[in-house]
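Descriptive structure summary
If you want the building blocks of each chain, they are given just below.
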Amino acid sequence: MAFPGEKDEPFLFPSTSYHRDPPEYLSSDLLSSPLPTHSFFQPFVGDSGLPVYIHPYAVESSASSISLCYPSRRVHSRFIDQVFKADITISPSTQQTQQGSQSHCHVISSFSDLSVTLDIPSSHLTFFLVRGCPFVTLSVSHHTPPLSISTVHKVSSFTSNDSFTKYTLKLDNDQTWLIYASSPIKFSYSDGVITFSKAVPSDTDDGDGVNVIVRIALLPNSSSANEDILDRYSTCYPVSGDAFFTKTFCVEYKWEKRGFGDLLMLAHPLHLQLLSKGEGNVTILKNCKYSSIDGELVGVIGNSWLLEADHVPVTWYSIRGVNQHFFDEIKSALSKDVVTLGTVYLTEDVYRNGRIIARAARLAIIAEEVGFIDVIPTLKMFLHETIQPWLDGTSDGYSFRYDAKLGKISIDAYSAGYFLYGIAVLAKIDPAWGMKYKPKAYSLMANFMNLARGSNSKYTRLRCFDLYKLHSWASGGEQDSTSEAVNIYYSAALMGLAYGDIHLASIGSTLASLEIHAAKIWWHVKEGDNLYEDDFAQENKLVGYLSANSRLDKMRNCYTEREIKIGLHVLPLLPITEFLFNNVDFVKDLVKSTPSEYSVLDMWMGFVYALEGIYNNEVALKKIRGLKGFDVGNTMSNLLWWIHSRHDYRKMGSCHEKQCCFCRYSC
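Each chain carries its own residue numbering, running from 1 in the written order of its sequence. A pLDDT threshold of at least 70 governs which residues receive local features in this predicted model, and a stricter bar of 80 or more applies before side-chain atom pairs are shown or counted, although totals over entire chains, interfaces and linings include all residues. Only heavy atoms go into the side-chain values, all of them from the structure, while hydrogens and water stay out.

Numbering of helices and strands runs from the N terminus; a helix is a DSSP stretch of H or I covering at least four residues, while a strand is a stretch of E covering at least two. The helix and strand tally for the protein chain stands at 20 helices and 31 strands. Exposure categories follow from relative accessible area, calculated using a 1.4 Å probe and restricted to protein chains: below 20% of the type maximum is buried, above 50% is exposed, and the middle band is partly exposed. By the burial criterion, 60% of the 667 residues in the protein chain qualify as buried. The contact definition used throughout considers only heavy atoms, calling two residues in contact when any of these lie within 4.5 Å. Pairs at least 24 apart in sequence give 68% of the contacts found in the protein chain among residues at least 6 apart. Approximately 26,700 Å² of the protein chain is accessible, and the part contributed by carbon and sulfur atoms is 48%. Each accessible area value is a Shrake-Rupley result obtained with a 1.4 Å probe; residue values ignore everything except the protein chains displayed when judging cover.

Written out as structure tokens, the structure is:
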């Protein structure tokens, strides 16, 4: 299946041609398929020089060398950074390097959901970089020239076992590294450089040139118990890993492995929260731990994992219903908000237009829920007039374009989420329009939610969603607004409901639930969770920007005001927002920590008051009624709908209380 819910060849928007060369470091075999644009290994694709973090190691490629780092962290009240130092560098010998040229650059020969394979053609080396593997594994060919292993640290000692299949490297920074080989190899050590020239001859060597597998691992805490674990599982290695959506709200990891024995991998905190102990025959090694910016990475033995997320209901309307005593207040606000749509100006800014479209769509759904059908024809007309130009390309600047070289549509993920919401709502209230525009709607959705692998697809697989971290990346390997990420998949799930497409609703619901889990782990900073260092955690209840190697307090390159950070992690305010912020103790702490030294516009304060309404409804309602301005994607109607659908937070309703709930069909 090319992508959720569509079996036929997908509709393609008009092509645009950018004069760009193919990515320099991708093998020619990969260029026939849509290219990953938000992958974890993106620094390997270009010349950024940035390390790729594969948990627990950061890996840097430079010319013909590969450097490994078990990163330390630099901590401040405004940021946390992982610090890269080349703890281990593997490269050709000095003589070979001097004779080298640009042909020594690495090549990405393959990639999967959980891995990337780097080749160094000039050295006949292949690195299997599998995320969450405590070993870095490389294949050494019999054609490989002499290699050196160096370090920026001083070597305290370098020893081997009697069979020359295991070496122990101790450095003066208190790190101990273990080097394993699938057959005896001879390293020599001199002046801080370790050199490998050839395998040790053996009686069983038949001269067929079989590759030697070398595995390198940091020994955490220099612990003898952990060394025993690494020794035991050093003989089984993964070369790639994929994720499968076996059923709703579940993801299954499967690794292609070689060697013999069971597979040892590392789980981050979210993995441990979701890991099914009853399926997959996994064993958790609680005392085998590696440190990381994402929390402790814990050893797990198992050839496959099953991850089970919470069953988050995807609904059009509020989860537990709106208090009917306040229908008239909401209807009055709807009347005013519908009138103001005529004063909204549209631009070529796809992000702004998307939010305006989603605002009108929210008004239509709220009107349905409170029975105010008089305004729906006006809203339907507005949605026609604002969505169709983008889908039809009938106005200058208002159209989507397909980049055939990259296999992508010219829209960012956040904006697409708003458009998908508007399309889903319009397809619901105008089914004839929905069927007419279904191919275009599905193409826009597939740009981010294609599940297919290989060259037959028009879009890359799950463009933004990271199947190891279990959240999306917006661009450039960074992510800030967790709520807008949730909205992408929530809106796709609603589109599935509008079209009666249970598969699309299932995948969208699953990804939305995983985004919510990830937000609670890595963006919501809770007292006592000990995920981040105190200097940062005490000053930040919400992480702003998050990247593979850093955490920042700011968002969108400039915003540090706490109220704005809350707004950017709440918008758009939707029924699913309830599940993103269902930890009431955290919400209380977040709102109470909000007042900043700057004056913040009402458009942001509306989101703060919405969260306050979770635990202090009357006070929040009074504040909301006094607001004079709203975010371009928000309205007084939406805030009143939210407040009047709050009930006693101590009596959370179940997902079956409301109609149009996908969870009913999947539980």
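This part is about the packing of aromatic side chains. Two rings from Phe, Tyr or Trp (for Trp, the six-membered ring) form a pair when their centres are within 6.5 Å of each other. A pair whose planes differ by under 30 degrees is stacked, one over 60 is edge-to-face, and the rest are tilted. Here the structure, examined in full by the defined rule, presents 27 aromatic pairs. Their ring planes at 90 degrees and their centres at 5.2 Å tell us that Phe40 and Phe41 sit as a pair that is edge-to-face. On the accessibility criterion, Phe40 (14% relative accessible area) is buried. Here the aromatic residues Phe11, Phe13, Trp390, Phe400 and Phe419 are joined through ring pairs into a cluster of three or more. Over a ring means this: the NZ of a Lys or the CZ of an Arg is within 6 Å of the ring centre and within 35 degrees of the ring normal. Stacked on the ring of Trp522, the Lys or Arg Lys469 has its end atom at 4.4 Å from the ring centre. Lying across the ring of Phe586, Lys526 places its NZ or CZ 5.9 Å from the centre.

Tracing the backbone through its elements, the reader meets Lys247 in the loop between strand 19 (236-244) and strand 20 (250-259). Taking relative accessible area as the criterion, Lys247 reaches 43% and is therefore assigned partly exposed. Separated by 260 residues in the primary sequence, Lys247 and Ile507 place their C-alpha atoms 8.9 Å from one another.

It is worth spelling out the packing of helix 6 (residues 350-370) against helix 7 (residues 376-392) at this point. Helix axes use the C-alpha atoms of the stretch in contact, all axes being lines fitted to C-alpha atoms, and the angles between their N-to-C directions lie in the range 0 to 180 degrees. Axis separation between helix 6 and helix 7 bottoms out at 10 Å; the angle between their running directions is 155 degrees. Looking at the two axes, helix 6 sits roughly antiparallel to helix 7. In this structure, helix 6 crosses over helix 7, and the sense of that crossing is left-handed. Judged by residue contacts, Val350, Asn353, Ile356, Ile357, Ala360, Ala361, Leu363, Ala364, Ala367 and Glu368 of helix 6 engage Ile376, Leu379, Phe382, Leu383, Thr386, Ile387 and Trp390 from helix 7. Of the residues in the contact of helix 6 with helix 7, the class split is 14 nonpolar, two polar and one charged. An angle below 35 degrees is read as roughly parallel, one above 145 as roughly antiparallel, one from 65 to 115 as roughly perpendicular, and any other as oblique. The crossing is said to be left-handed when, going from far helix to near helix, the turn is anticlockwise and less than a right angle, and right-handed when the turn is clockwise. Nonpolar residues are Ala, Val, Leu, Ile, Met, Phe, Trp, Tyr, Cys and Pro. Charged residues are Asp, Glu, Lys and Arg, and all others, Gly as well, are polar.

For the rest of this paragraph, the subject is the environment of Ser335. Its place among the elements puts Ser335 in helix 5 (residues 327-340). The spacing of Ser335 and Ser637 is 302 residues in sequence and 9.0 Å in space, taken between C-alpha atoms.

With that out of the way, let us pick up the packing of helix 8 (residues 413-429) against helix 11 (residues 482-498). Relative orientation of the contacting elements helix 8 and helix 11 amounts to 25 degrees, with a least axis distance of 8 Å. Taken together, the axes of helix 8 and helix 11 lie roughly parallel to each other. When you trace helix 8 past helix 11, the crossing you get is left-handed. Residues Ala413, Tyr414, Gly417, Tyr418, Leu420, Tyr421, Ile423, Ala424, Ala427 and Lys428 of helix 8 lie in contact with helix 11, whose contacting residues are Glu484, Ala485, Asn487, Ile488, Tyr490, Ser491, Leu494, Met495 and Ala498. Along the lines of polarity and charge, the residues of the contact of helix 8 with helix 11 split into 14 nonpolar, three polar and two charged.

Where charged atoms from two side chains of opposite charge come close, those side chains can pair. The term salt bridge refers to a pairing of a side-chain nitrogen on Lys or Arg with a carboxyl oxygen on Asp or Glu at a separation within 4 Å. In this structure the tally under the stated criterion is 23 salt bridges. A salt bridge links Arg556 to Asp480, with the shortest nitrogen-to-oxygen separation between them at 2.7 Å. Here the residue Arg556 occupies a position in the loop between strand 31 (550-552) and helix 14 (562-570), and Asp480 occupies one in the loop between strand 29 (478-479) and helix 11, the gap between them amounting to 76 residues. Classification of Asp480 as buried rests on a relative accessible area of 3%. Its salt-bridge partner being Glu578, residue Arg646 comes within 2.8 Å of it at the nearest N-O pair. A residue pair is termed long-range when its members are at least 10 positions apart, and Arg646 in the loop between helix 19 (636-644) and helix 20 (663-666) and Glu578 in helix 15 (residues 577-580) qualify at 68 residues. Across the pair, Glu578 and Arg646 agree in class, each one buried. Here the salt bridges do not stand alone but share partners, grouping Asp113, Asp242, Arg453 and Arg461 into one network.

Bringing helix 14 into the picture now. In an α-helix there are 3.6 residues to a turn, and that puts residues three or four apart on one side. Most of helix 14 is tucked away, with eight of its nine residues classed as buried. Of the residues making up helix 14, those classed as buried are Glu563, Ile564, Lys565, Ile566, Gly567, Leu568, His569 and Val570. Packing partners of the buried residues in helix 14 comprise helix 11, helix 12 (502-523), helix 15, helix 16 (584-592) and helix 17 (602-612).

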